[in-house]
Every structure is written in structure tokens, then in C-alpha cells.
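# An overview of the molecular structure
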Amino acid sequence: MSDLLEGPGEDLRLPQERAGPYLRALRAALHAAAPDQDWPSLRAAALHLHLLDPACSGTLFQPAAVDPGSGLPSHGWLERAAAERRAGADPAHLAGLVERARRVDPVLAERLGWRHAVAQVERGAPVLSALELGVELVRRGVRPAARIRLDRRLPGIGWVRLRVDLHGRSRGLRGLRLDRGTGLLTIEPGLGELLLRHVLSPLVLLAQTLAGACEGDVDRLSRATIGPFWFPGGALPTGLPPEVARTLTLHLSRSVLSREREGLIAADPLRPLPPPPPRGLGLGLVLERHLVVHRAGHGAVAAWQPGLSITPFG
Amino acid sequence: MDKPPPAAPAEASPRRPSPTELAEWQVETGQRQMAAVARVDRLVRDRTDLAEELHGGLGELKAAGARLDELEARSQSTGLIQSISRALGRRSAALERRSVAGQLLAQYETVTASLQRASAFTDELQLCARELQHEVDGLHERIGHSRQGATLAARKVLEIEAELEALQQSGAAAPGAARRRDQLRFDERTESTTLALFRAAAELAQEELGPARALRDTVLELHGDMARFVLEASSAVNTSGRRVQALGLAADTPLVVTELHEALRQLDQTMDATAAYIDQAHALLTQVLPELNREIRARTNHSHLSLADDLEGLSRERQRELADQALREAAEAEVGAFLDSESG
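Residues numbered from 1 in each chain as written. Chains lettered and ligands numbered in written order. Predicted model: local features only at pLDDT ≥ 70, side-chain atom pairs only at ≥ 80, totals over all residues. Heavy atoms only, no water.

### Examining the nonpolar core
All names here are of chain A. Ranked by size, the top nonpolar core spans 41 residues in total, and within it Tyr 22, Leu 26, Leu 51, Trp 77, Trp 159, Phe 229 and Leu 250 carry the most contacts. Contributing elements (two or more residues each) for this core: helix H1 (16-33), helix H2 (42-52), helix H4 (75-87), strand E9 (216-230) and strand E10 (249-258). Looking at which element gives the most residues to this core, the answer is H1, with 8 residues. Ignoring sequence-local partners within four residues, the contact set of Phe 229 consists of Tyr 22, Ala 25, Leu 26, Ser 70, Gly 71, Leu 72, Leu 248, Thr 249 and Leu 250. Judged by nonpolar contacts, the second largest core, of 35 residues, contains Leu 150, Ala 207, Ala 213 and Cys 214. (Core = buried A, V, L, I, M, F, W, Y, C linked by side-chain atoms within 4.5 Å. Buried < 20%, exposed > 50% of the residue type's maximum accessible area, 1.4 Å probe, protein only. Helix = DSSP H or I, 4+ residues; strand = E, 2+ residues; numbered from the N terminus. Contact = heavy atoms within 4.5 Å.)

### Some words on the interface of chain B and chain A
Taken together, the 47 residues of chain B in the interface contact 56 residues of chain A. Where chain B meets chain A, there are 5 salt bridges. Close ionic contact of A:Arg115 with B:Asp123 constitutes a salt bridge, the shortest N to O distance being 2.9 Å. The interface formed by chain B and chain A contains 13 residue pairs in polar contact (both at pLDDT 80 or more). Taken together, the elements giving at least two residues each to the side of chain B that touches chain A come down to helix H3 (100-170), helix H4 (177-300) and helix H6 (316-343) of chain B. (Salt bridge = Lys/Arg side-chain N within 4 Å of Asp/Glu carboxyl O. Polar contact = N/O pair within 3.5 Å; in protein donor to acceptor, adjacent residues only side chain to side chain.)

### Considering the pattern of salt bridges
Residues and elements named next belong to chain A. Evaluation of the coordinates by the stated rule reveals 38 salt bridges over all chains. Glu 136 is paired through a salt bridge with Arg 147; the nearest N and O atoms lie 4.0 Å apart. Here Glu 136 is found in strand E4 (residues 131-139), whereas its partner Arg 147 is found in strand E5 (residues 145-154), with 11 residues between them in sequence. Given a relative accessible area of 42%, Glu 136 falls into the partly exposed group. When salt bridges with common partners are traced through the structure, they connect Asp 36, Asp 38, Arg 163, Arg 220, Arg 254 and Glu 288 into a single cluster.

### As for H4(A)
Residue and element names in this part refer to chain A. Across its 13 residues, H4 extends 17 Å between first and last C-alpha, which sits within 8% of the 18 Å expected from 1.5 Å per residue. Looking at H4, one finds that the buried residues are His 75, Gly 76, Trp 77, Leu 78, Glu 79, Arg 80, Ala 81, Ala 82, Ala 83, Glu 84, Arg 85 and Ala 87. Of the residues one or two after H4, Gly 88 is the one with positive phi, at around 65°. (Expected span 1.5 Å × (residues − 1).)

### A few points about H2(A)
Since the α-helix advances by 3.6 residues per turn, residues separated by three or four positions end up pointing in the same direction. Residue and element names in this part refer to chain A. Burial analysis of H2 places 8 of its 11 residues in the buried class, the great majority of the element. Of all the residues in H2, the buried ones are Ala 44, Ala 45, Ala 46, Leu 47, His 48, Leu 49, Leu 51 and Leu 52. For H2, the elements touching its buried residues are H1, helix H3 (54-57), H4, helix H6 (106-120), E5 and strand E6 (158-168). By the N-cap criterion, in which a side-chain oxygen at the helix start approaches the backbone nitrogen of a residue two or three places on, H2 is capped by Ser 41, the distance to Arg 43 being 3.3 Å.

### With respect to the confidence of the model for chain B
Residue and element names in this part refer to chain B. In this model, chain B carries a mean pLDDT of 73, and residues with pLDDT of at least 70 account for 60%. Between the elements of chain B, mean pLDDT differs from a low of 41, seen in helix H5 (residues 306-313), to a high of 90, seen in H3. Across residues 295-316, where pLDDT falls below 50, the model places 16 contacts with residues more than four positions away in sequence or in other chains. For this predicted complex, the interface confidence score (ipTM) comes to 0.81, while the overall pTM stands at 0.76. (pLDDT = per-residue confidence, 0-100.)

### Some words on the environment of B:Phe186
As for its placement among the helices and strands, B:Phe186 is situated in helix H4. Separated by 26 residues in sequence, B:Phe186 and B:Ile160 have C-alpha atoms that sit 9.9 Å apart.

### Considerations on the packing of helix H7 (residues 189-197) of chain A against helix H8 (residues 203-214) of chain A
A packed helix pair is summarised by two numbers, namely the angle formed by the two axes and the spacing between the axes. Residue and element names in this part refer to chain A. The N-to-C vectors of H7 and H8 enclose an angle of 175°; their axes lie 11 Å apart at closest approach. Put simply, H7 runs roughly antiparallel to H8. Contact with H7, carried on its side by Leu 191, Leu 194 and Leu 195, involves Thr 209, Leu 210, Ala 213 and Cys 214 of H8 and no other residues of that element. Of the residues in the contact of H7 with H8, the class split is 6 nonpolar, 1 polar and no charged. (Axes fitted to C-alpha atoms, helices over the stretch in contact; angles between N-to-C directions. Parallel < 35°, antiparallel > 145°, perpendicular 65-115°, else oblique. Nonpolar A, V, L, I, M, F, W, Y, C, P; charged D, E, K, R; others polar.)

Below is the structure:
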């Protein structure tokens, strides 16, 4: 039975002694998965998990809590670490406070020491953002091409990245602004927010919406998700074989709409099939899922889902 | 004359401070107090700024939350989607629509960063309070040390007085009495000076105790207030965090549905146009062109039209493929023109 405590709201609270092993297992699974740029940044995710680890930050970001739907660290837990980074504490100032505290209060000195450690870890490197938009110019000219990226942490689902490759027709790309002096391309708020609210929309319809909004054509559109993370004691779907429920499993799923394929190619038996893209669009849809499973349970998961791509870790 | 009080069990005499040491201590203590006052002053200002920043951020977060509640309530009403679909016809309007979720998440990130700064500031207040308590404790220790020294010096003075009195009564002619009397008077003056210095040290420390205690209590109050504020703000932010993530999507649902309906409508039109063109092409290939070719042959006796020859020479499947491709391109061009006119 789960030894997790019900925390505030719906998040599942992790006992403090389990937080470190949970985070290190998740980090190891992510490294074994080595997701490409269709997924949220591995480096940002690994750093974020390291910051949450009590070995780095002690009890600074407690309580440790898990999203019951995705099995990933809860929004609040992730956000405390992200907010600490955004707060921009000065490591030199904190070092001074630690030195002063050692003379009068060892417990406070330890806490300040954790804050100092967090402020020093890979200063300037990004962590997972609750919401982040990025754009790069791929081609200039009358028919410019751009690549847009939207990262979002979604409750109950996981860490999602939407990636769009699109090109303009004859009048450039609406919703993107190019500074001709600096060459910097930025997303106008309207387009960014359109992507934000369509993060879970069917890709075919999203491609149509984007094409209309940008007055361009979508060449490739992908949505990739890290999560759920299944672990013993966490919230697991009903009907799982016991030996699968006892192991650690990280899901990485992806849908790609592109001109490289035709029709619908589905390699993900764990989600319902969408309708195939209409032929006239010239776009095909590929669905895939990859599992990263702890070595001890690898055989059980492979037997349960023989058609899925599985990587062992640990 | 009263007898001096019985001597206490042997105890180590505190080291007598020199006048120079007392003066230096007084200066150092004054400087420490001034630095502490400056530090507390800065802490009070920082606390005010942080509290205002956090209070303002929480207010905006609460207002945005109320907007979400309103939007969610509206999204439950019937007929809304249909009325929006009718009212919003232009695809370009998608770029102008605002997302409550985006604004709310941005505000949430600002508030959580302020909260972490406030939490760090609370730790700093606690440290300052500890240091001031350490100072207060140090003053108490100094007062106790000085009073102990003064008590011992006072006892010695009384003992010396008693011995001098005894010498006086035994007579000036006793052997060594004069020498002893001089030594005792020297010791008495020395111990009196020691007593005076210890009393001065105790008084100086006692004078510093009040301000140090007041500073400490000020910082303790700041810390208590800030800690309570951070706790309440954390609770409010934590509660809204997951709500923010989920409700942002729910609040945009009517908008998302509207836009997806438009996309579906465009897709349907696109596919209808393409299908219609393909249907027309098949009619053209299978009926009109062969008939036209026969008529031309009949009139001129010329060789077959190369196009007709090519067409007849191809398999039916290949004809269909070529026609599909050509007409798809024509349909796409027409759809593009149609969308341009819609958004224009």
C-alpha cells in the first residue's frame, strides 16, 4: 500500500527520506532516455531534479510532493526551486550569512548553507519552466521559415513540448517579428498565447489554426511529453500487472505531424488512435511511445507491452 | 564595628579591567550598537519593500484568479460556443485573443520569486535576532562578571578596614605595625580602585543592555511578522499554484473550441474543394476529352492529339495519379486564394 500522505489539495506528499531516492531514480531514467529536442530539455530537467534533491538543498524546498496524475514532482515543489533561482540570491552575501550563523545558530547555518549551495549550482543554467516560448529563424526572405517551441508543465499529464516548423507564403509570417538590425526574431504575444491554449489540441486542427493565424504553412508539428512516471506507492492506473506496478517506469510519448510521412503510423498502444490526417493536407501523423524501465522490472514490462520500445536503466 | 561578612568559599577573582580597557570596550560596544542599528534599519526597509511587493503580487494573483472563476462560470453557460462561432469569423482574430492562463502564469512566477526572497529574508532576520541575543547575553555575562569582581573587591576592602582597626587598637608601638599599616593602606586603595572599576564596568554594560534588548526585540518582532506573512502567502500561493495550471486551460476552453471549429470548417472546405476538383477531373478525362479527340480526327484526319495519345497510352491508374497531382495543386492554389480572401 502507498505510504504517501495526502498533501494539500490533490498532490501526494513524499516522506522526506523517500524524496532523494525518488528524484535520483527519475533523473537516472531521464538520462537513460536521452530525449532529443522534440522533448523538454534534458539538461534543464536534470538540473531541476538535482536542486530538489535533499542532498543538495536539504529541507529548503520541502514538502516534497508528487503530481498524482503524472507521478512527476508536483508543480509547487518544482516551483519553489525555480522561484529560488529566479529570486537571484547573491552567493557572496549568502556565504557571509553562513559564516555569521555558524557563530550563533548551527541549525540556521545549515539552512543558509543549503540556500548558498542552491545559489551556486550551475549559475545561469535554466531549469524546467512552467511555461516557456522560444523561436529561431530558419530562413530569411520572402518566404521565411521559423521554428517555434513551447514548453509547458501540465498537471496530471507531465512536461510537454510543442514544436512547430513553418514557413511563410508571400507576405512573411504573421505573429513573428524580425528586428532587421539585430536579426532577432520574437513571437508576438497573440501567437504565443494561441500556442499556449492549444497545447493539447489535435495536431491536425492545430496545424490548420496556426497556418491561418500565421498566414503560412506548417511543415512539421510535434508534441512530446515526459511522463507519467510510475513508481511503487505512487498513483498508478488500475489493471496494471503487479510486477509492472512494482517497478519504476518513465513514459516518453510523441506525436509528429509532418510532410515526411503519409497517413497515420501508430506505435503507441496505450492511447486511443486519432483519425488519420486528410489526404489533401500532405501531412502524415506518427504516434510513438518509449518506456524507460528499471532493470529489475524490464522483463515484466516487456512481457506486458511487447510492442513498445523499452530502455532499461539503473 | 560590624564584622565583615564571612568570606565566600575560595573562588577565582575576575580579572580587573584597566581604565583603558573599559574605555576601549565602551567605544567598541558603541560601534557595534551603531552597526546593529544601521543593519536593523536596512532590514526594516527591506522588509517593508518585500511585504509591499508580495502583497501587491498576491493581490494581482487573487484578481486573476477571480477572472478565471468568472470565465469558468461563463464557459458553463449553454449556447455560448455557438454564439461565439457566429460572432468570430475571421481567422486573424485568433492572434488578437488574450490568454488568461499566460497572464496568470506570469504573475504566479513573479509572486513565487518574491516569496522565495521573503523566505530568505526571514532567515536573515532570524540570524540578526540571534546575533543581537548573543550581544544581550554577552552584556549580562559582563554585568555578572563585573558585579562578582566588585563584590570580591568590596569584601577585601572591608577585611583591610577591619585589620587596620585592629592595628589601631593594638597600639602604634607594636613591632612592624607601621609597616603593616602602610601595606594595608596601599592594599585598601588598590582594592577600592578595583571596586570602582568593576562598578563602572557593570554600569556601562547595564546602560548598553537596554538598547541592545530593544534592538533585539525589534528584530524579533520583524521576524515574527515576516515569518507569519510568508507562511500565509505560501499557503495562498501553493493553493493557487495547481489551480492556476489547470484553470488556465479550462478558462480558455471556449476560445480553443471556437478556433478548432474554425479549423475544422476550413479543413472541410479544403477537402470539399479538392474532392470536387478530382471529381471534375475524372469526368474530363473519361468523357469529355475522348469525345473531343474523336471529333477532331473526324474533321481533319490529322494524327491523334499527342495529349489524347499520351492519355490513351497510360494505364488508368497512372492517369488518375497524374490528374490527382495536377488538380491537387490547382485546388491548393484555389484554397490559398480562398483563405487569403477570408483573412483579407
